Amino acid sequence: MSFPKRYADAVAKLRVPSGFLLAISLIWLARPTAESLTMGIPISLAGLALRAWAAGYLAKNESLAMAGPYSYIRNPLYGGTLLVATGLVIVSVRWELAVLYTAVFWFVYLPVIELEEQHLLKLFPHYEEYRRRTPLLIPVDRTPPTGQKVTLFRWDLYMRNEEYKALLAWLAAIVWLSWRSL
């Protein structure tokens, strides 16, 4: 899929505000139950773990991340965000949030992913080869590529990428939703 550059540039500025819109919508509309919490929390927790794993391999604009979760998909941060959102929508028990979250992912996040890929193509000449062999968001093959040098998760990158903020926001959301379910 391809979005016009002018559109993608415009919605890129909406990525953070749309996250606040989604959070406010969740707070306002969610009607969680004990059952929905039990079903949704593990999914959103898996997404949070994927985001954390990815953040520990991402040295933005310095090197191309191809290890860890990046050896399976090109966009594990967005994949993790998608899982977190899916879990929260399940917890919310509101179809309206499913529609809203899907629309924001489709019309804001996918164009931003496309812009970021254009940036990476300019920054790293070998990105095209990586893009050809690595799926966008959904892993096709569960076996990691062979012949790559071993790169380890780095806590300093996790902290530099401020991924702990996603954890804190998630915890606040879960506390709120748990209280709301009572």
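Residues numbered from 1 in each chain as written. Predicted model: local features only at pLDDT ≥ 70, side-chain atom pairs only at ≥ 80, totals over all residues. Heavy atoms only, no water.

Enquirer: Even after reading the chapter, I still don't get the overall build of the protein chain, so can you show me in this structure?
Expert: A count of helical and extended segments in the protein chain gives eight helices and zero strands. Starting at the N terminus and ending at the C terminus, the protein chain contains elements arranged as α-α-α-α-α-α-α-α. For the protein chain, the C-alpha radius of gyration of 17 Å lies close to 16 Å, the compact-globule estimate for 182 residues. Overall size of the protein chain, expressed as C-alpha extent along the three principal axes, is 50 × 35 × 30 Å. Out of the 182 residues in the protein chain, the part that is buried amounts to 39%. Intrachain contacts of the protein chain at a sequence separation of at least 6 include 84% that bridge at least 24 residues. Of the side chains in the protein chain, 19 bear a positive and 13 a negative charge, and the two mean positions are spaced by 3 Å. (Helix = DSSP H or I, 4+ residues; strand = E, 2+ residues; numbered from the N terminus. Rg over C-alpha atoms; globule rule 2.2 N^0.38 Å. Buried < 20%, exposed > 50% of the residue type's maximum accessible area, 1.4 Å probe, protein only. Contact = heavy atoms within 4.5 Å. Lys, Arg positive; Asp, Glu negative; His and termini not counted. Charge placed at Lys NZ, Arg CZ, Asp CG, Glu CD.)

Enquirer: Before we go on, may I ask you to explain the packing of aromatic side chains in this structure?
Expert: The geometry of an aromatic ring pair is captured by two quantities: the separation of the ring centres and the angle between the planes. Applying the stated criterion across every chain, the model contains 10 aromatic pairs. Centre to centre, the rings of Phe105 and Tyr109 are 5.7 Å apart; their planes meet at 15°, and the pair counts as stacked. With Phe105 and Tyr109 both in helix H5 (residues 95–123) and four residues apart, this pair spans about one turn of that helix. We classify Tyr109 as buried; its relative accessible area is 12%. Where Phe153 meets Trp155, the ring centres are 4.9 Å apart and the plane angle is 80°; that geometry is what we call edge-to-face. Using a relative accessible area of 26% as the deciding quantity, one classes Phe153 as partly exposed. Trp155 sits in the exposed class, given a relative accessible area of 59%. An aromatic cluster of three or more residues is present, and its members are Tyr57, Phe153, Trp155 and Tyr158. (Phe/Tyr/Trp six-rings, centres within 6.5 Å; stacked < 30°, edge-to-face > 60°.)

Enquirer: Looking at this structure, I do not really get the environment of Val84. What am I missing?
Expert: Within the secondary structure, Val84 is located in helix H4 (residues 76–92). In the structure, Val84 is positioned 34 residues away from Gln118 in sequence and 26 Å away in space, judged by C-alpha atoms. Contacts of Val84, omitting those with residues within four sequence positions, involve Ser44, Gly47, Leu48 and Trp170.

Enquirer: I'm lost on the pattern of salt bridges in this one. Help?
Expert: Should their charged atoms come close, side chains of opposite charge can pair. One pass over the full model with this rule turns up 13 salt bridges. Notably, a salt bridge pairs Glu128 with Arg131, separated by 2.9 Å at the nearest N-O pair. A residue pair is termed a helical-turn pair when its members lie 3 or 4 positions apart in one helix, as Glu128 and Arg131 do in helix H6 (residues 127–133) at three residues. Given a relative accessible area of 27%, Glu128 falls into the partly exposed group. Between Arg133 and Glu129 there is a salt bridge, with its nearest N and O atoms 3.4 Å apart. Here Arg133 pairs with Glu129, and both are found in helix H6, just four residues apart, close to one helical turn. One connected set of salt bridges, linked through shared partners, spans Arg74, Glu117, Glu128, Glu129, Arg131, Arg132 and Arg133. (Salt bridge = Lys/Arg side-chain N within 4 Å of Asp/Glu carboxyl O.)

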